[in-house]
Amino acid sequence: MAFVIARVITMPAVLVGSAWLVGRFRFLGLILSILAGWGILCFVYSTWPAPPMPNDWDEDREDMPRMAPFLMALWCVPIYVLITVCSWLDRRWDKAAADTRER
């Protein structure tokens, strides 16, 4: 039962932490969050494997080293794009506001 708790707690924690890293450090945070999330997910899924059922194996644990970077990229890249677009729009609106004040 511990594997369920560990796996359920890990996913939201990794997602929130990676969103914070991307928001704080932008591109460097994107790279760091993908790599750190990869390591954390592989560690958790191999430390707390699911109990084997008859004629079954823990597919998530075996696939996590290859699957984790893609999972993290699927989460982090859209956040990076959203933060970049919002930052760009904010600069444009600040510039437009400054131009209207000068007139």
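Right above here is the structure, for reference.
Residues numbered from 1 in each chain as written. Predicted model: local features only at pLDDT ≥ 70, side-chain atom pairs only at ≥ 80, totals over all residues. Heavy atoms only, no water.

A short note on the pattern of salt bridges
(1) Moving on: For the coordinates displayed, the defined rule picks out 1 salt bridge.
(2) Moving on: Of the charged contacts, one joins Arg-66 and Asp-63 as a salt bridge, the two residues approaching to 3.0 Å between their closest N and O atoms. Here Asp-63 and Arg-66 lie together in helix α2 (residues 59-102), a separation of 3 residues that amounts to about one turn.
(3) Moving on: The class for Arg-66 is exposed, based on a relative accessible area of 56%.
(4) Moving on: By relative accessible area, Asp-63 is classed as partly exposed at 31%. (Salt bridge = Lys/Arg side-chain N within 4 Å of Asp/Glu carboxyl O. Helix = DSSP H or I, 4+ residues; strand = E, 2+ residues; numbered from the N terminus. Buried < 20%, exposed > 50% of the residue type's maximum accessible area, 1.4 Å probe, protein only.)

Some remarks on the side chain of Ser-33
(1) Moving on: Along the chain, Ser-33 falls in helix α1 (residues 2-47).
(2) Moving on: Excluding its chain neighbours within four sequence positions, the residues that come into contact with Ser-33 are Ser-18, Leu-21, Val-22, Met-72 and Cys-76. (Contact = heavy atoms within 4.5 Å.)

Let's talk about a nonpolar patch on the surface
(1) Moving on: Residues Met-1, Val-4, Ile-5, Val-8 and Ile-9 make up a contiguous nonpolar surface patch of roughly 510 Å² in combined accessible area.
(2) Moving on: As for its placement among the helices and strands, Ile-9 is situated in helix α1. (Patch = residues over 30% accessible without salt bridge, like charges linked within 9 Å, V, L, I, M, F, W, Y side chains within 5 Å. Areas by Shrake-Rupley, 256 points an atom, 1.4 Å probe, with all protein chains shown as cover.)

Some points on α1
(1) Moving on: In this model α1 runs just 10 Å from its N-terminal to its C-terminal C-alpha over 46 residues, more than 12% under the 68 Å that 1.5 Å per residue would give.
(2) Moving on: At Phe-25, α1 shows its strongest bend, of approximately 145°. (Expected span 1.5 Å × (residues − 1). Bend = angle between axes of the 7 residues up to and from the residue.)

Details of the side chain of Arg-7
(1) Moving on: With respect to the helices, strands and loops of the structure, Arg-7 is situated in helix α1.
(2) Moving on: There is a polar contact of 3.4 Å between the side chain of Arg-7 and the backbone oxygen of Trp-48. (Polar contact = N/O pair within 3.5 Å; in protein donor to acceptor, adjacent residues only side chain to side chain.)

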